[in-house]
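# Coordinate analysis (summary)
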Amino acid sequence: MLINTINVSSWLILNALVPDALPESVLRKYSEQFAKWPSITSSPLTHQSCVSFMLDCNFTSEQLQPLLELCVTIRLKCLSKVIERVTQGVISLGNGEIWKLEHAGLSKTNLPDLYETEVNNSMVQIRQILSSSNYSNELDLFSRERFRSMLVDLFTMILTSVRDCIENALQLRSCTRRPSTLFSDRTASCRKLLIAICNIEYVVENSLLTICRRLTENGVKYGDIIFEKSKGELLVFRQNLMKYYLQIKCSTFSSMFGSVNYEDLPNEEASDYIKELIMYLIFIQTEICLLAPHLMREILSLIIQNAFDQLIDRLGHIQNISLEQTTQIVTDVTAFEESVQNFLSLKTRLFQRSLRNFRAAMQMAIASLNCDHTDANDSSDI
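In short, a report on the structure. Just so we're clear, the structure is a prediction, and the values are computed from it rather than from any experiment.

### Here we look at the overall build of the protein
- The helix and strand tally for the protein stands at 17 helices and two strands.
- Buried positions account for 43% of the 382 residues belonging to the protein.
- Sequence-distant contacts, at least 24 apart, represent 75% of the contacts inside the protein between residues at least 6 apart.
- Carbon together with sulfur atoms contributes 53% to the accessible area of the protein, which is approximately 21,300 Å² in total.

### Focus on helix α12 (residues 272-291)
- Between its first and last C-alpha atoms α12 spans 29 Å; for 20 residues at 1.5 Å apiece the expected length is 28 Å, and the two agree.
- Residues Tyr273, Ile274, Leu277, Ile278, Tyr280, Leu281, Ile284, Glu287, Ile288 and Leu291 constitute the buried set of α12.

### Observations regarding a nonpolar patch on the surface
- A grouping of Met279, Ile282 and Phe283 is seen on the molecular surface, where their side chains present a nonpolar patch of about 300 Å² in accessible area.
- Counting through the fold element by element, methionine 279 comes out in helix α12.
- Residue classification places methionine 279 among the partly exposed positions, given a relative accessible area of 43%.

### Observations regarding helix α14 (residues 323-339)
- Taking 1.5 Å of rise per residue, 17 residues should cover 24 Å, and α14 covers 24 Å from first to last C-alpha, within 8% of that figure.
- Inspection of α14 places Gln325, Gln328, Ile329, Asp332, Val333, Phe336 and Glu337 among the buried residues, and these make up the whole buried set.

### Some thoughts on the packing of aromatic side chains
- Within the structure shown, the criterion is met by six aromatic pairs.
- For the ring pair phenylalanine 142 and tyrosine 222, a centre distance of 6.1 Å and an interplane angle of 40° mean the geometry is tilted. A residue pair is termed long-range when its members are at least 10 positions apart, and phenylalanine 142 in the loop between α6 (123-130) and α7 (145-159) and tyrosine 222 in the loop between α10 (186-217) and α11 (223-258) qualify at 80 residues.
- Phenylalanine 142 sits in the buried class, given a relative accessible area of 2%.
- Tyrosine 222 sits in the partly exposed class, given a relative accessible area of 32%.
- Taking the ring centre of tyrosine 202 as reference, the NZ or CZ of lysine 108 above it sits at 5.1 Å.

### Let's talk about the environment of lysine 221
- With respect to the element layout, lysine 221 can be found in the loop between α10 and α11.
- C-alpha of lysine 221 to C-alpha of phenylalanine 142: the two residues are 79 residues apart in sequence and 7.0 Å apart in space.
- Contact partners of lysine 221, with chain neighbours within four places excluded, come to Asp140, Phe142 and Ile226.

### A word on the environment of leucine 209
- Structurally, the position occupied by leucine 209 is in helix α10.
- Since its relative accessible area comes to 42%, leucine 209 is described here as partly exposed.
- Residues leucine 209 and lysine 231 lie 22 residues apart in sequence; the distance between their C-alpha atoms is 9.7 Å.

### Observations concerning the side chain of serine 207
- Along the polypeptide, serine 207 turns up in helix α10.
- Ignoring any residue separated from it by four or fewer positions in sequence, one finds serine 207 in contact with Pro112, Tyr115, Glu116 and Tyr202.

### Re the pattern of salt bridges
- By the definition in use, this model includes ten salt bridges.
- Linking arginine 214 and glutamate 217 is a salt bridge whose minimum nitrogen-to-oxygen distance equals 3.8 Å. In this pair, arginine 214 and glutamate 217 both sit in helix α10, three residues apart, roughly one turn of the helix.
- Accessibility expressed as a relative area gives 28% for arginine 214, which makes it partly exposed.
- Using a relative accessible area of 54% as the deciding quantity, one classes glutamate 217 as exposed.
- Between glutamate 269 and lysine 275 there is a salt bridge, with its nearest N and O atoms 2.8 Å apart.
- Judged by its relative accessible area of 38%, glutamate 269 is partly exposed.
- A residue is classified by how much of its surface remains accessible, and lysine 275, at 36% relative accessible area, is partly exposed.

### Considerations on the packing of α11 against helix α13 (residues 296-316)
- Packing of α11 against α13 leaves a shortest axis separation of 10 Å and a crossing angle of 35°. For α11 against α13, the interelement crossing comes out right-handed. Contacts from Arg238, Gln239, Met242, Tyr245, Leu246, Lys249, Cys250, Phe253, Ser254, Phe257 and Gly258 of α11 reach α13 at Glu298, Ile299, Leu302, Ile303, Asn306, Ala307, Gln310, Leu311 and Arg314.
- Taken together, the residues of the contact of α11 with α13 sort by class into eleven nonpolar, five polar and four charged.

### Thoughts on the packing of α12 against α14
- Across the interface, α12 lies against α14 with an axial gap of 10 Å and an inter-helix angle of 20°. Taken together, the axes of α12 and α14 are roughly parallel relative to one another. Of the two possible hands of crossing, α12 and α14 adopt the one that is right-handed. Counting all contacts with α12, which are made through Tyr273, Ile274, Leu277, Ile278 and Leu281, the residues of α14 involved are Asp332, Ala335, Phe336 and Ser339.
- Here the residues of the contact of α12 with α14 sort into seven nonpolar, one polar and one charged.

### Considerations on unusual backbone geometry
- Residues other than glycine seldom take positive phi values, yet glutamine 171 does so here, at roughly 60°.
- In this structure, glutamine 171 sits in the loop between α8 (161-169) and α9 (180-184).
- Residue tyrosine 262 is not a glycine yet carries a positive backbone phi of 60°.
- With respect to the helices, strands and loops of the structure, tyrosine 262 is situated in the loop between α11 and α12.

Calculation notes
One numbering rule holds for all chains: residues counted from 1, following each sequence as written. Since the coordinates come from a predicted model, pLDDT governs what is reported: local features require at least 70, and pairs of side-chain atoms require 80 or more to be given and counted, while whole-chain, interface and lining totals use all residues. Only heavy atoms go into the side-chain values, all of them from the structure, while hydrogens and water stay out. Think of it this way: any DSSP run of H or I at least four residues long counts as a helix, any run of E at least two long counts as a strand, and we number them from the N terminus. Burial here depends on accessible area, computed with a 1.4 Å probe over protein chains only, as a share of the maximum for the residue type. Under 20% is buried, over 50% is exposed, and the range in between is partly exposed. Only heavy atoms matter for contacts: two residues are in contact if any of them lie within 4.5 Å across the pair. The protein chains shown are the only cover counted for residues, whose accessible areas, like all others here, come from Shrake-Rupley with a 1.4 Å probe. To estimate how far a helix should reach, multiply one less than its number of residues by 1.5 Å. Here, patches come from residues exposed beyond 30% relative accessible area and free of salt bridges, joined within 9 Å for like charges and within 5 Å for nonpolar side chains (Val, Leu, Ile, Met, Phe, Trp, Tyr). Here a salt bridge means any side-chain nitrogen of Lys or Arg lying within 4 Å of a carboxyl oxygen belonging to Asp or Glu. Here is the rule: rings of Phe, Tyr and Trp (six-membered ring for Trp) pair when centre to centre is within 6.5 Å. Planes less than 30 degrees apart are stacked, more than 60 are edge-to-face, and the remainder are tilted. Each ring is checked for a lysine NZ or an arginine CZ that lies within 6 Å of its centre and within 35 degrees of its normal; such an atom marks a charge sitting over the ring. Note on geometry: axes are lines fitted to C-alpha atoms, helical ones only across the stretch in contact, with angles between N-to-C directions running from 0 to 180 degrees. Handedness of a crossing is defined here by the sense of rotation of the near helix relative to the far one, left-handed for an anticlockwise turn of less than a right angle and right-handed for a clockwise turn. Note that Gly is not counted as nonpolar here; it falls among the polar residues with everything else outside the nonpolar set of Ala, Val, Leu, Ile, Met, Phe, Trp, Tyr, Cys and Pro and the charged set of Asp, Glu, Lys and Arg. For classification, angles of less than 35 degrees are called roughly parallel, those exceeding 145 degrees roughly antiparallel, those between 65 and 115 degrees roughly perpendicular, and all remaining angles oblique.

Read these as geometric descriptors, not functional statements.
Structure representation (structure tokens):
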């Protein structure tokens, strides 16, 4: 009788606090008999104290088992509600992003600072939910494997909420591969993408460690696992942002190289499209230098490699070319290689690599051809 009473009491408490946590079997059988309550805020400590008091009154653990499980359920539900609220709060920060960099240390906007503040404001509630009342058989939420993995995922959700915030600010959330919103306004989008990459880098290098340290101080265990998992997800997101930026910049090459035909040859210099390509790369370099100079080599190397590959592919489709056209193609490719050699790997530099291999293989022959034989001829006459 007592156990049944405690069971019913636990259902009533759940219905009042977190009705979505009621077992389906109970809902199917008694759903019409439960009252509809407005949203109620209650601390898990209240129920933990209640259990502790009842144990002091010589209730057995078996009698209190429903209440013990109720405490665990309420703590988990309260924690998920807190994390959901914090996550939504971080996501909403993107609505106020002004995309203005602060050049103090690592380049970033004020978004990472606001993100840290939003998460830090939840620490008191997190500590309260995870705290112990030290009654007999009280469960440490991290002690069970199924709870532990769920908690790691929940706290990872908090740390990676900045990704969702930036996706929302860039309008990427409904786009997976080639966001049309980015390609509609290329200049503004490229600028925002570079700034977003800077923000993510700052979060990975600074904010994650700070937040994980605070979480550990407030009762969260397995902070190292949470950190590594969050870092991995944010680094993947950084690569996606980089991919979007490269897609925008490299989309110009198809039209730039599409009209190459070598019918009208220039007068002993590189073709106009090579000059246009070099100037386009300079514009990209300027943009990166102003916003994210530390990304210069990484981005330009990838863009130039893409341009080189597309150029070689286009030239490979030109057929029935004359000697003059062949000479011009060699001139153009060599001019491009010479202009961007600092961003091309030696493997990619076709002509330079070929010449280097040739010189290495024919070193003695070349030296023999270029040496001065005057002294040898004079000595033979003596």
